[in-house]
Amino acid sequence: MDKNAQGGKAYGLLKSQQEEKLNTTNEAFLSDSKYADEEDLATKLEMFKKKYMEFDLNDKGDIDMMGLKRMLEKLGLAKTHLELKKMMSEVAGGPSKDTISYHDFLNMMLGKRNAILKLILMFEGMGKEQEQKDAGPPSRKTFSDLP
């Protein structure tokens, strides 16, 4: 994280600048003929942007190893260091990269390849839908309900 960015207005300014950079990448993907036949591309890109910004811990526009680790832990899927390195190299396109750029992230999510990280993120939404069904206070139990 930037040592000069403290919080409040400075942090908000940093996040808005980061969002502007991601918006320019989104615009490039919207005008790319390769993704012209993708359904609801604008809404997908907006959703991907929010997810990416949530886990960009270093605030430099890249998801690093710790950001990926945090993302997977938040989803309840803790991985070892070697598994994280494998996922990063699969998404970034080579073992030499230590971060996932937004462009690589979008290529993974919109591409035809089924990367491990893509599958995890796609099924995250399904898990949330199931969790929401159990919302509210639990039903009252009686002695006859006990085993």
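Residues numbered from 1 in each chain as written. Predicted model: local features only at pLDDT ≥ 70, side-chain atom pairs only at ≥ 80, totals over all residues. Heavy atoms only, no water.

Before going further, it helps to spend a moment on the pattern of salt bridges. Summed over the entire model, instances satisfying the criterion amount to 4 salt bridges. Between lysine 49 and glutamate 19 there is a salt bridge, with its nearest N and O atoms 3.1 Å apart. Within this pair, whereas lysine 49 is found in helix H2 (residues 41-54), its partner glutamate 19 is found in helix H1 (residues 9-31), the two being separated by 30 residues in sequence. Residue glutamate 46 pairs with lysine 49 through a salt bridge whose shortest N-O separation is 3.1 Å. (Salt bridge = Lys/Arg side-chain N within 4 Å of Asp/Glu carboxyl O. Helix = DSSP H or I, 4+ residues; strand = E, 2+ residues; numbered from the N terminus.)

The next thing to look at is the packing of helix H3 (residues 65-74) against helix H4 (residues 81-92). In contact at an axis separation of 10 Å, H3 and H4 are set at 110° when each is read in the N-to-C sense. In terms of axis orientation, H3 runs roughly perpendicular to H4. Residues Met65, Leu68, Lys69 and Leu72 of H3 form the contact with H4, whose own contacting residues are His81, Leu84, Lys85, Met87 and Met88. Partitioned by chemical class, the residues of the contact of H3 with H4 number 6 nonpolar, 1 polar and 2 charged. (Axes fitted to C-alpha atoms, helices over the stretch in contact; angles between N-to-C directions. Parallel < 35°, antiparallel > 145°, perpendicular 65-115°, else oblique. Contact = heavy atoms within 4.5 Å. Nonpolar A, V, L, I, M, F, W, Y, C, P; charged D, E, K, R; others polar.)

Judged by nonpolar contacts, the single largest core of 28 residues is most densely connected at Leu68, Phe105 and Leu117. Secondary structure elements with two or more residues in this core: H1, H2, H3, H4, helix H5 (102-110) and helix H6 (116-133). Once you skip the residues sitting within four places of it in the chain, leucine 117 turns out to touch Leu68, Met71, Leu72, Met87, Val91, Ile100 and Met108. (Core = buried A, V, L, I, M, F, W, Y, C linked by side-chain atoms within 4.5 Å. Buried < 20%, exposed > 50% of the residue type's maximum accessible area, 1.4 Å probe, protein only.)

Among the structural elements, alanine 42 can be located in helix H2. Alanine 42 gets classed as partly exposed once you look at its relative accessible area, which sits at 48%.

In a regular helix each residue adds 1.5 Å, so 23 residues correspond to 33 Å; H1 covers 33 Å between its end C-alpha atoms and thus fits that length. Restricting attention to buried positions, one finds in H1 the residues Leu14, Lys15, Gln18, Leu22, Thr25, Asn26 and Phe29. (Expected span 1.5 Å × (residues − 1).)

No statement about biological role is implied by the geometric values presented.
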